[in-house]
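# Remarks on the overall topology
If you want the building blocks of each chain, they are given just below.
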2 protein chains.
Amino acid sequence: MPRISLLGCGLMGAPMARRLAAAGFPLTLWNRTRTKADALNDTGARVTDTPAAAVADAEVVVTMLEHGGVVREVLFGGTSLPPGQAGAAALQPGTLVIDMSSILPEQARDHARRLHGLGAHALDAPVSGGTLGAEAGTLAIMAGGEAADFERARPVLEALGRPVHVGPAGSGQLAKLANQMIVGITIGAVAEALLLAERGGADPAKVREALRGGFAESRILEVHGQRMVQGDFAKRGSLAIQLKDLRNALHTAAGMDFQAPITQALGTLYADAADHGFAELDQSALFKELQRRQGLA
Amino acid sequence: MPRISLLGCGLMGAPMARRLAAAGFPLTLWNRTRTKADALNDTGARVTDTPAAAVADAEVVVTMLEHGGVVREVLFGGTSLPPGQAGAAALQPGTLVIDMSSILPEQARDHARRLHGLGAHALDAPVSGGTLGAEAGTLAIMAGGEAADFERARPVLEALGRPVHVGPAGSGQLAKLANQMIVGITIGAVAEALLLAERGGADPAKVREALRGGFAESRILEVHGQRMVQGDFAKRGSLAIQLKDLRNALHTAAGMDFQAPITQALGTLYADAADHGFAELDQSALFKELQRRQGLA
């Protein structure tokens, strides 16, 4: 089994490290705050002090970092990481770098180009499913890059979830944006519909129950709809991050002259919600913004 | 078992009549075009020439008609049905009228008031699930009215699907509008997201596959998303009817001073789609309107 180097042992990276170790992959870990990597010592993984040291003998490198700027710095160096400690220059020729972070498609394409220039291979493979999906190994994994590289990555990705190759470099990140667009808009649909029914005198909990299993059925109606009818907006996914995702989608759309009128409308609503103090609530708190507009909250 | 009179034996009414007969309810049928009722002769149902004759000995009357104007005329008479042939005046005292047509909440409340005035009971109980759901007896049934009337209707409704009592008179129609809002908006979400991914170079069929089972999962992604990636816009549910549903939702929202910005935005998009010749395609043809906006169709 190929030696894997995992860069980033945060909320998502840590359970992914456990899945990879359990699948039998020899593992090397690096994390900016080393204690988070050390906490995975019981898996038998080796922990290093720099990305460069972590990737030196890896056949496959997996990155799971906060955003595109961090990925760039960890791979290519930057203000907080000297180039000598960064990962890319230390790669063995032919190493496959799988970036599972959620970053912009244009950043993913740029990273792929630079890695190819160093003789490495690259996939962008962001995930959906959160920490529960990472722990259970059931992540939805959207992969962009060369088909041969995807086949090479498959055993690694299948230890983490359900990978699908969706197109060339950057496509995985595009699919992730599509995912976030659908999630953000569907939350708006459920919020506006349940609130209208409630405003007209129906019981929104009963309306949600009545709609389950029909064409309005969705994971959002099931999970976020329940939060709305219970008025439970404790943060699981934050509204601020949903807003950031929609802005990334709109930025990407603008860059290819693509009109996205629905995402645009929802972007405005989530921005208004953030302005009115709901940014650090759950993303389903868009319901509260719609309540506020009716003078109800 | 109570004798049921079913008014309306169209695409939905006919399979519902078969379900009620199969459940053992003695059944009387009426349909404006009598041949459609006669076609159900093999169920043992009696067929009558007027709504008044159909309801005369019924304990429960079920209406399944095209829209609110038709329901009003069949119950209370109008230009194409003399009052002497209409149903309401011929009801036995205490008869329960269950209107399963999709009509406006304000119409449902008006009909309930008029029926109460005649000593009858009333429920509005529109459905979701289409002809397949009617045949299989798996309709989602959203019921508005008195709790006692709902309990009385339950054995009848359970022969047809999964009934939920969502609130007072008109609430069933509100829930149906909520259902149609969620369906119409989610179709927009899936269309815009898949098209953005395709525009950026990803394979939309693969993106749809990758997203299945995550938080973007919905019946719409499953069913209408598949139509979009296959470019198969043959009509099952028409875009014109989706547009009418959203307009009914906006009309209802306006009537209670309710802001529905997302439904508003989608109403504009479906109207544009209808203007551009997609009205008699499947509602998933909103995808074609979004393509058109990008200069792609």
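A few points on the structure. These numbers were taken from a predicted model, which means no experiment stands behind them.

Here we take up the overall build of chain A. Scanning chain A from terminus to terminus reveals 13 helices and nine strands. Relative to the globule expectation of 19 Å for 297 residues, the C-alpha radius of gyration of chain A, 21 Å, shows essentially globular dimensions. In terms of principal-axis extent, the alpha carbons of chain A reach across some 65 × 45 × 35 Å. Here chain A holds 297 residues, and the buried ones make up 58% of them. For chain A, the accessible surface area stands at approximately 10,900 Å², while carbon and sulfur atoms represent 51% of it. Once the 28 positive and 30 negative side-chain charges of chain A are each reduced to a mean point, those two points are 2 Å apart.

By secondary structure assignment, the location of Glu217(A) is in the loop between helix H9 (204-211) and helix H10 (219-230). Residues within four places of Glu217(A) in sequence aside, it is in contact with Leu211(A), Arg212(A), Ser218(B) and Arg219(B).

Turning to the pairing of strand E6 (residues 121-124) of chain B, a few remarks are in order. Relative to E6(B), strand E5 (residues 96-99) of chain B runs parallel, the two sharing four bridges. The residue bridging Val97(B) from the neighbouring strand is Ala122(B), located in E6(B).

For the structure shown, the criterion picks out two aromatic pairs over all chains. When the ring centre of Phe76(A) is taken as origin, the NZ or CZ atom of Arg114(A), which lies over that ring, is 4.0 Å away.

This brings us to the interface of chain B and chain A. Put simply, an interface is often sized by how much accessible area is lost when its parts join up. In this complex, chain B contributes 63 residues to the contact, which on the side of chain A involves 63 residues. Across the chain B/chain A interface, buried area totals approximately 5,500 Å², and carbon plus sulfur atoms make up 70% of it. Contact with chain A buries area across many residues of chain B, yet Glu192(B), Leu196(B) and Phe215(B) alone supply 15% of it, more than any other trio. For the pair chain B and chain A, the interface holds zero salt bridges.

Turning our eyes to something else, we now look at the nonpolar core. Core analysis: the biggest nonpolar cluster contains 94 residues, and Val207(A), Leu211(A), Leu266(A), Val207(B), Leu211(B) and Leu266(B) have the highest contact counts within it. If near-sequence neighbours (up to four positions away) are discounted, Leu266(A) is found in contact with Gly184(A), Ile185(A), Gly188(A), Leu246(A), Leu286(A) and Ile262(B).

Turning our attention to helix H12 (residues 261-278) of chain B. Taken as a whole, H12(B) has its buried residues at Ile262(B), Thr263(B), Leu266(B), Gly267(B), Leu269(B), Tyr270(B), Ala271(B), Asp272(B), Ala273(B) and Phe278(B). Packing partners of the buried residues in H12(B) comprise helix H8 (171-199) and helix H12 (261-278) of chain A together with helix H8 (171-199), helix H11 (239-255) and helix H13 (286-293) of chain B.

Moving on: the relation of the copies chain B and chain A. Relative to chain A, chain B is turned by 180° and slid 0.0 Å along the rotation axis, the superposed coordinates differing by an RMSD of 0.0 Å. Here the transformation between the copies is reduced to the relation of a two-fold axis. Nearest to the rotation axis, the C-alpha of Ser218(B) is located 1.9 Å from it, this being the minimum over chain B. A high fraction, 100%, of the interface residues of chain B reappear at the interface in chain A, so the copies pair face to face through one surface.

For the rest of this paragraph, the subject is the environment of Gly172(A). All names here are of chain A. Looking at the secondary structure, you find Gly-172 in helix H8. Residue Gly-172 is classed as buried on the basis of its relative accessible area of 0%. Separated by 67 residues in sequence, Gly-172 and Pro-105 place their C-alpha atoms 7.8 Å apart. Excluding its chain neighbours within four sequence positions, the residues that come into contact with Gly-172 are Asp-124, Pro-126, Met-142, Ala-143, Gly-144 and Val-166.

Glancing now at the pairing of strand E1 (residues 4-7) of chain A. Residue and element names in this part refer to chain A. What you see with E1 is no split at all: Ile-4 and Leu-6 on one side and Ser-5 and Leu-7 on the other are buried throughout. With four bridges connecting them, E1 and strand E4 (residues 60-63) associate as parallel partners. Bridge pairing in E4 places Leu-6 opposite Val-62. Here four bridges tie E1 to strand E2 (residues 27-30), and the two strands are oriented parallel to one another. Paired with Ile-4 across the bridge in E2 is Leu-27. In this view, the connection linking E1 to its parallel neighbour E2 by way of helix H1 (residues 13-22) has right-handed handedness.

In this section: the environment of Gln283(B). Relative to the elements of secondary structure, Gln283(B) occurs in the loop between H12 and H13. In this structure Gln283(B) comes out as buried when scored by relative accessible area, which is 11%.

Pairing between side chains of opposite charge can happen when their charged atoms approach one another. In this structure the tally under the stated criterion is 32 salt bridges over all chains. Here Glu158(B) and Arg154(B) are joined by a salt bridge, their closest N and O atoms 3.5 Å apart. With Glu158(B) and Arg154(B) both in helix H7 (residues 147-158) and four residues apart, this pair spans about one turn of that helix. The salt bridge partner of Arg293(B) is Asp272(B), with a shortest N-O separation of 2.5 Å. Of the two residues, Arg293(B) is situated in helix H13 and Asp272(B) in helix H12; the sequence distance between them amounts to 21 residues. The exposure class of Arg293(B) is partly exposed, given its relative accessible area of 22%. Three or more residues are tied together by salt bridges with common partners; here these are Asp272(A), Glu289(A), Arg292(A) and Arg293(A).

In a packed pair of helices, the relevant descriptors are the angle between the two axes and the axis-to-axis distance. Residues and elements named next belong to chain B. Interaxial distance between H8 and H13 falls to 9 Å at its minimum, and their mutual angle equals 45°. Between H8 and H13, the crossing angle belongs to the class labelled oblique. With respect to the hand of their crossing, H8 and H13 are arranged in right-handed fashion. Counting all contacts with H8, which are made through Ile-187, Gly-188, Ala-191, Glu-192, Leu-194, Leu-195 and Glu-198, the residues of H13 involved are Leu-286, Phe-287, Leu-290 and Gln-291. Residues belonging to the contact of H8 with H13 are distributed by class as follows: seven nonpolar, two polar and two charged.

It is worth spelling out unusual backbone geometry at this point. Residue and element names in this part refer to chain A. Look at Asp-257: it is not a glycine, yet its phi comes out positive at around 60°. With respect to the secondary-structure elements, Asp-257 resides in the loop between helix H11 (239-255) and H12. Classification of Asp-257 as exposed rests on a relative accessible area of 69%.

Residue and element names in this part refer to chain A. Spanning 13 residues, helix H5 (residues 105-117) covers 18 Å between terminal C-alpha atoms, matching the ideal 18 Å at 1.5 Å per step. Listed as buried for H5 are Pro-105, Ala-108, His-111, Ala-112 and Leu-115. Burial along H5 is one-sided: seen end-on, the buried residues are contained in an arc of 120°. Exposed side of H5, more than 90 degrees from the buried face: Arg-113 and Gly-117 are the residues found there. On its buried side, H5 packs onto helix H4 (68-76), strand E5 (96-99), strand E6 (121-124), H8 and H11. At the C-terminal side of H5, Gly-119 shows a positive phi close to 85°.

Thresholds applied
- Residues numbered from 1 in each chain as written.
- Chains lettered and ligands numbered in written order.
- Predicted model: local features only at pLDDT ≥ 70, side-chain atom pairs only at ≥ 80, totals over all residues.
- Heavy atoms only, no water.
- Helix = DSSP H or I, 4+ residues; strand = E, 2+ residues; numbered from the N terminus.
- Rg over C-alpha atoms; globule rule 2.2 N^0.38 Å.
- Buried < 20%, exposed > 50% of the residue type's maximum accessible area, 1.4 Å probe, protein only.
- Areas by Shrake-Rupley, 256 points an atom, 1.4 Å probe, with all protein chains shown as cover.
- Lys, Arg positive; Asp, Glu negative; His and termini not counted.
- Charge placed at Lys NZ, Arg CZ, Asp CG, Glu CD.
- Contact = heavy atoms within 4.5 Å.
- Pairing = 2+ DSSP bridges.
- Phe/Tyr/Trp six-rings, centres within 6.5 Å; stacked < 30°, edge-to-face > 60°.
- Lys NZ or Arg CZ within 6 Å of the ring centre and 35° of its normal.
- Buried area = accessible area lost by both parts, 1.4 Å probe.
- Salt bridge = Lys/Arg side-chain N within 4 Å of Asp/Glu carboxyl O.
- Core = buried A, V, L, I, M, F, W, Y, C linked by side-chain atoms within 4.5 Å.
- Least-squares fit on C-alpha atoms with pLDDT ≥ 70 in both.
- Right-handed = clockwise from strand over helix to strand, strands pointing away.
- Axes fitted to C-alpha atoms, helices over the stretch in contact; angles between N-to-C directions.
- Parallel < 35°, antiparallel > 145°, perpendicular 65-115°, else oblique.
- Left-handed = near helix turned anticlockwise from the far one by under 90°.
- Nonpolar A, V, L, I, M, F, W, Y, C, P; charged D, E, K, R; others polar.
- Expected span 1.5 Å × (residues − 1).
- Arc of directions from axis to C-beta.

By themselves these figures say nothing about function.
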